[in-house]
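Summary of the model geometry
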Amino acid sequence: MGQDTPELEAARIQSQALSLDLLLADTERADCGALAIFCGTVRDHHEGKAVTGLEYTSHIPLAEKIVCDVEAETRQKFDVPVCRVQHRIGRLGIGETAIIAVVRSAHRAEAFAALRYAVDATKHRAPIWKEEFYPDGSSTFVEGCCIAPEGETYDA
Amino acid sequence: MGQDTPELEAARIQSQALSLDLLLADTERADCGALAIFCGTVRDHHEGKAVTGLEYTSHIPLAEKIVCDVEAETRQKFDVPVCRVQHRIGRLGIGETAIIAVVRSAHRAEAFAALRYAVDATKHRAPIWKEEFYPDGSSTFVEGCCIAPEGETYDA
Amino acid sequence: MKIEVQFWGALARLAGETRREVVVEEDATVADLMRVLAQDASICHCVEQCAFSIGTDIVPLTHTLQDGDQLAALPPVSGG
Amino acid sequence: MKIEVQFWGALARLAGETRREVVVEEDATVADLMRVLAQDASICHCVEQCAFSIGTDIVPLTHTLQDGDQLAALPPVSGG
């Protein structure tokens, strides 16, 4: 598991509901005392406006590659044996899980740091777009981070 | 939920197996887009020695009070609506969960910071003691953090 | 040369389509393609913030295109 | 005065018991109790690192004891 056989693992970008239980079962390790998890769920408001749901779209092959890159970077940078990120696409209701990240390591300090890095890097780099839906039926794409090699992040 | 009715919530110090699913169900909030979780599990080694299991003992009434204090401090300090910590006591095998901490907040940055604070503070302040068991049948209490008001932490 | 550009995210909404065939000069680069796309005022601002990929590789603005290339125009991302 | 002290964690193992009755002078403080306990060489080092609680309150070394008080001696903690 982990870095040894990434090609056999579940998809990083999924249209079905994300399962934390499955991801935990898939990454179990007896040598890791620390497990840090982040779940990003759809909340009922954003910047003061009520939100009824989201739709995520993604350039899936590129997003799969970039999330795999982020996982590998995270494992190397923080020396943690396990880092996995999954992102859901399609239409999501309030409370549904959009992203799960899991880090396992021997000790907790590097687990916390690695988890934060993996989540931030996925959000900033994976080609995934979020459209917010409002009670009046309107919607808008949420402003995001420029991923052009020459570009600058204009909204984190 | 959360800070409103702490007196109705599950015990912070438990001898039964900790359930992440129950704790997540117990803390669900539509206004929180970020969920950060830490689980500390029993690992099969410590400082180069193989470990076969652990036994945690606790001054339960004092530990309950201190963990509640840590939760309240964390909510206030990081302005997060939900922070919960549970610690298991008794004999635990490899891979079993000793501590769970859950933070929910609107955004992820404060969730990460609050989670780390809550776990560190619980480990440094709650009157809980860990005895490690080794393959040869011997055991030892793990060195810890002095909690005397005048004392100093001599091992984090 | 004919280049096919896929539009993603808000760019597809602004363009009113998910792909567009664009004609560029011989030896044009990604920057040249971007300039052609930016002539459409409805997508001009968004195109300037896009990354471009071929297959699963993000390509720099200096990358030279070939006839028939298929590129994805990737506006600022907002996952999570 | 008679004070009952509960031993926790490694302290109980070192002492070979989980509670001990200790006699201290009238108006003795927690610091005085600690000095009496530290006369037992088997627990001396550990006692010096202990916090003391009465009920669910950790009490400072300056706290004045009363006859019959029950204290918990809490060695360095190692939860998690």
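Scroll up to find the structure this text is about.
Remarks on the arrangement of the chains
The smallest C-alpha distance separating chain B from chain C is 10 Å, and no contact links them. At no point do chain A and chain D touch; the closest pair of C-alpha atoms across them sits 10 Å apart.

Re the interface of chain C and chain A
Contacts between chain C and chain A engage 24 residues on the former and 30 residues on the latter. For the pairing of chain C and chain A, the buried interface totals around 2200 Å² over both sides, and the portion due to carbon and sulfur atoms is 62%. Interface area lost by chain C to chain A is led by Val77, Ser78 and Gly80 of chain C, which between them contribute 30%. Here chain C is connected to chain A by two salt bridges. Measuring nitrogen to oxygen at the nearest pair gives 2.6 Å for the salt bridge that ties Glu131 of chain A to Arg13 of chain C. Inspection of the chain C/chain A interface yields twelve residue pairs in polar contact (both at pLDDT 80 or more). Those elements that provide at least two residues to the side of chain C that touches chain A are helix H1 (10-15), strand E3 (51-54), strand E4 (57-59) and strand E5 (70-74) of chain C. Among the elements that make up the side of chain C that touches chain A, the one with the highest residue count is E4 of chain C (three residues). Taken together, the residues of the side of chain C that touches chain A sort by class into 13 nonpolar, nine polar and two charged.

Remarks on the relation of the copies chain B and chain A
Superposing chain B onto chain A takes a rotation of 180° plus a shift of 0.0 Å along the axis, which leaves an RMSD of 0.0 Å. Taken together, the rotation and translation relating the two chain copies correspond to the operation of a two-fold axis. If distances are taken from each C-alpha of chain B to the rotation axis, the shortest is found for Ile37 of chain B, at 2.4 Å. With an isologous cut-off of 70% or more, the 100% of interface residues of chain B that recur at the interface of chain A puts this contact in the isologous class.

Side note on the pairing of strand E1 (residues 2-7) of chain D
Residue and element names in this part refer to chain D. Residues Ile3, Val5 and Phe7 point to one face of E1 and are all buried, whereas Lys2, Glu4 and Gln6, pointing to the other face, are not buried. With five bridges joining them, E1 and strand E2 (residues 19-23) adopt antiparallel strand pairing. Looking across to E2, one finds that Val5 is bridged to Arg20. Direction of pairing for E1 relative to strand E5 (residues 70-74): parallel, over a ladder of four bridges. Residue pairing across strands places Gln6 opposite Ala72, the latter belonging to E5.

Some points on the packing of helix H2 (residues 60-78) of chain B against helix H3 (residues 108-125) of chain B
Residue and element names in this part refer to chain B. Look at H2 against H3: their axes get within 9 Å of each other, and the N-to-C directions meet at 155°. In terms of their interaxial angle, H2 and H3 are classed as roughly antiparallel. The interaxial crossing formed by H2 with H3 has right-handed handedness. Mapping the contact onto sequence places Ile66, Val67, Asp69, Val70, Glu73, Thr74, Lys77 and Phe78 in H2 and Glu110, Ala113, Ala114, Tyr117, Ala118, Ala121, Thr122 and Arg125 in H3.

As for the pattern of salt bridges
Taken as a whole and assessed by the stated rule, the structure comprises 26 salt bridges over all chains. In this structure, Asp57 of chain C and Lys65 of chain A form a salt bridge, with 2.8 Å as the shortest nitrogen-oxygen distance. On the criterion of chain membership, the pair formed by Asp57 of chain C in strand E4 and Lys65 of chain A in helix H2 (residues 60-78) is interchain, its members lying in two chains. You can call Asp57 of chain C partly exposed: its relative accessible area is 42%.

A word on unusual backbone geometry
Residue and element names in this part refer to chain A. Phi at Glu47 takes a positive value of approximately 50°, unusual for a residue other than glycine. Tracing the backbone through its elements, the reader meets Glu47 in the loop between strand E3 (45-46) and strand E4 (49-50). Exposure remark for Glu47: the relative accessible area of 71% places this residue in the exposed category. Here the phi dihedral of Asp79 falls at roughly 55°; this positive angle occurs in a residue that is not glycine. Within the secondary structure, Asp79 sits in the loop between H2 and strand E6 (82-88).

Thresholds applied
- Residues numbered from 1 in each chain as written.
- Chains lettered and ligands numbered in written order.
- Predicted model: local features only at pLDDT ≥ 70, side-chain atom pairs only at ≥ 80, totals over all residues.
- Heavy atoms only, no water.
- Contact = heavy atoms within 4.5 Å.
- Buried area = accessible area lost by both parts, 1.4 Å probe.
- Salt bridge = Lys/Arg side-chain N within 4 Å of Asp/Glu carboxyl O.
- Polar contact = N/O pair within 3.5 Å; in protein donor to acceptor, adjacent residues only side chain to side chain.
- Helix = DSSP H or I, 4+ residues; strand = E, 2+ residues; numbered from the N terminus.
- Nonpolar A, V, L, I, M, F, W, Y, C, P; charged D, E, K, R; others polar.
- Least-squares fit on C-alpha atoms with pLDDT ≥ 70 in both.
- Buried < 20%, exposed > 50% of the residue type's maximum accessible area, 1.4 Å probe, protein only.
- Pairing = 2+ DSSP bridges.
- Axes fitted to C-alpha atoms, helices over the stretch in contact; angles between N-to-C directions.
- Parallel < 35°, antiparallel > 145°, perpendicular 65-115°, else oblique.
- Left-handed = near helix turned anticlockwise from the far one by under 90°.

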